[in-house]
Amino acid sequence: MIRLSKGLLLGCELFLSSIIHMLFGFYIFSTAVAADLSQSLIGLTRPSYTNEETRIRESVYELREANASSSTKSVPPIVLVHGIFGFGKGRLGGLSYFAGAEKKDEFVLVPDLGSLTSIHDRARELFYYLKGGRVDYGEEHSNIYGHSRFGRVYEKGHYPEWDEDHPVHFVGHSAGAQVVRVLQQMLHDKEFAGYDDTSEDWILSLTALSGALNGTTRTYFDGMRPEDGRSLKPICLLQLCRLGATIYDWLDIAWLKNYYNFGFDHFHMSWRNTGLSGLADLLLCNSGPFATGDWILPDLTIQGSIKINAGLQTFKNTFYFSYATKMTRHIRGVTVPSSFAGTHPLLLIRVMQMCRWRYPAYLPLPYKGYRDEDWEDNDGALNTISMTHPRIPVEHPSCLVTHDSDCHPLQPGIWYYKILEGDHIFFILNRERAGVQFDLIYDSIFRNCRKHVFRTSHQPTLPNQTPS
């Protein structure tokens, strides 16, 4: 009877979560379509111009673009990297993943990376987005996970001069922060064929906004097995996600994929390549990214993050910032949601569940010193402990920032972090939700990039030390 009741409860939770996620996805998609239609209608009502007037207008526009380009090339670009299920500039019409934050500076880039592809594959795509050329996922990696070595082609990089003398600022939301960390390690290890001069110093700063730096217990609630952190439970939210993404890529409807893309094109899952028998293999998880584990969810488990973090460094010449979020509080030793009304419906159930997370007693602990209570504070998608700075398997240098003035001048090689009240999507998609907090956060991020972060030829003096 108890097992039956538990099964019914889990079934109801799965049904409710599925409905909420589908409604939210439909809302985002319909909002983007409505905005595009509105722009089209506005375009139809605009006055027409003669050929001479058009030529003059185009010349003025080109002159403005040239002036803007010359003025911005003197400063490093700020690259905003989206998280899971995210999208960059050019997808979903005119919708902005970062809710228009990119307009706060003259030189901001918003790449579109695979929304469900692995951390590794997204890091490779990010490199070629900036430098240009054909995306190379690496021969060894491609052979292991059974996809094409090469992907899309960037005819012209968005910042082709990128090198140690022309470094870049990165701001990563959610999994986007871990993507940048993996990219920096690849630059250090010189893993890009044909580029022998890459180094970690190509990155001037990394800011993690609700960054997935140490994994999340939400992956287990969504359906990842805690036994291995890679396989899926037979009935779960992620299975529905897998089926939907598989069918979407197999149908391969061009206009739809131009609008939104999960990023699995290098797996060649289209009906043109696989046919009906291939669809059966994909759905049964006999082939494709969900069969090999080369997608983003295994990278976001605690086990997956430990594996990734074991090969990543915090580099001495790069500045690191982190804004961790939480929607929980403690009442008499019990962790509970801090606000039901203030939490997005998409995340409310998970906030409550993650407060009560307990690692299965029949399994060995994922790392030395693990405690369930450390992972209770969360923002509905990530645990707050995971967002502050890299902690597992080795803790990296960090500093909790209470007042900005306390940590100036900033020192590279240290993770400066703040803990903010807000859920996981508080600072993206809809700036009205965050209100004035939206401007305060992004103004602080961009101010760090433009005013407080710089690289000199000599090593900085660390606190409590005197110059040699």
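Residues numbered from 1 in each chain as written. Predicted model: local features only at pLDDT ≥ 70, side-chain atom pairs only at ≥ 80, totals over all residues. Heavy atoms only, no water.

Observations regarding the layout of surface pockets
Then comes step 1: If you add up the space inside the largest pocket, you get close to 1300 Å³.
Then comes step 2: Counting residues per element, the lining of the largest pocket draws most heavily on helix 1 (residues 2–45), at eight residues. (1 Å grid on protein atoms, 1.4 Å probe; cavity = no way out; pocket = protein on both sides within 12 Å on 5 of 7 lines; lining within 4 Å. Points joined across faces, edges and corners; volume = space filled by probe spheres on them. Helix = DSSP H or I, 4+ residues; strand = E, 2+ residues; numbered from the N terminus.)

Observations regarding empty space enclosed by the protein
Then comes step 1: Applying the stated criterion to the full structure yields one cavity of 30 Å³ or more.
Then comes step 2: The volume enclosed by the largest cavity comes to roughly 50 Å³.
Then comes step 3: As for the largest cavity, its lining consists of Ser17, Ile20, His21, Arg218, Pro345, Leu346, Ile349 and Arg350.
Then comes step 4: Of all the secondary-structure elements, those providing two or more residues to the lining of the largest cavity are helix 1 and helix 13 (345–355).
Then comes step 5: Tallying contributions element by element places helix 13 first for the lining of the largest cavity, with four residues.
Then comes step 6: Tallied by class, the residues present in the lining of the largest cavity amount to four nonpolar, two polar and two charged. (Nonpolar A, V, L, I, M, F, W, Y, C, P; charged D, E, K, R; others polar.)

Digging into the side chain of serine 115
Then comes step 1: Structurally, serine 115 can be placed in the loop between strand 2 (108–109) and helix 3 (119–131).
Then comes step 2: With relative accessibility at 0%, the residue serine 115 sits in the buried group.
Then comes step 3: Engagement of the side chain of serine 115 in a polar contact is seen with the side chain of tyrosine 260, the distance being 3.1 Å. (Buried < 20%, exposed > 50% of the residue type's maximum accessible area, 1.4 Å probe, protein only. Polar contact = N/O pair within 3.5 Å; in protein donor to acceptor, adjacent residues only side chain to side chain.)

Details of the UniProt feature "domain: Lipase-like C-terminal" (unreviewed entry) in the chain
Then comes step 1: Residues given the UniProt feature "domain: Lipase-like C-terminal" (unreviewed entry) here are residues 110–189.
Then comes step 2: Secondary structure content for residues 110–189 is 44% helix and 19% strand, and the end C-alpha separation is 25 Å. (UniProt positions renumbered as here; feature names shortened; annotations may be inferred.)

Let's talk about the packing of aromatic side chains
Then comes step 1: Scanning the entire structure with this criterion turns up 31 aromatic pairs.
Then comes step 2: Between phenylalanine 127 and tyrosine 128, the aromatic rings sit 5.0 Å apart at their centres with planes inclined by 80 degrees, giving edge-to-face as the arrangement.
Then comes step 3: Overall, the relative accessible area of 4% leaves tyrosine 128 in the buried class.
Then comes step 4: A ring pair is formed by phenylalanine 127 and tyrosine 195, whose centres lie 5.1 Å apart and whose planes are at 80 degrees; its orientation type is edge-to-face. Within this pair, whereas phenylalanine 127 is found in helix 3, its partner tyrosine 195 is found in the loop between helix 5 (175–189) and strand 6 (203–209), the two being separated by 68 residues in sequence.
Then comes step 5: Among the aromatic residues, those joined into a cluster by ring pairs are Phe127, Tyr128, Trp162, Phe170, Phe192, Tyr195 and Trp202. (Phe/Tyr/Trp six-rings, centres within 6.5 Å; stacked < 30°, edge-to-face > 60°.)

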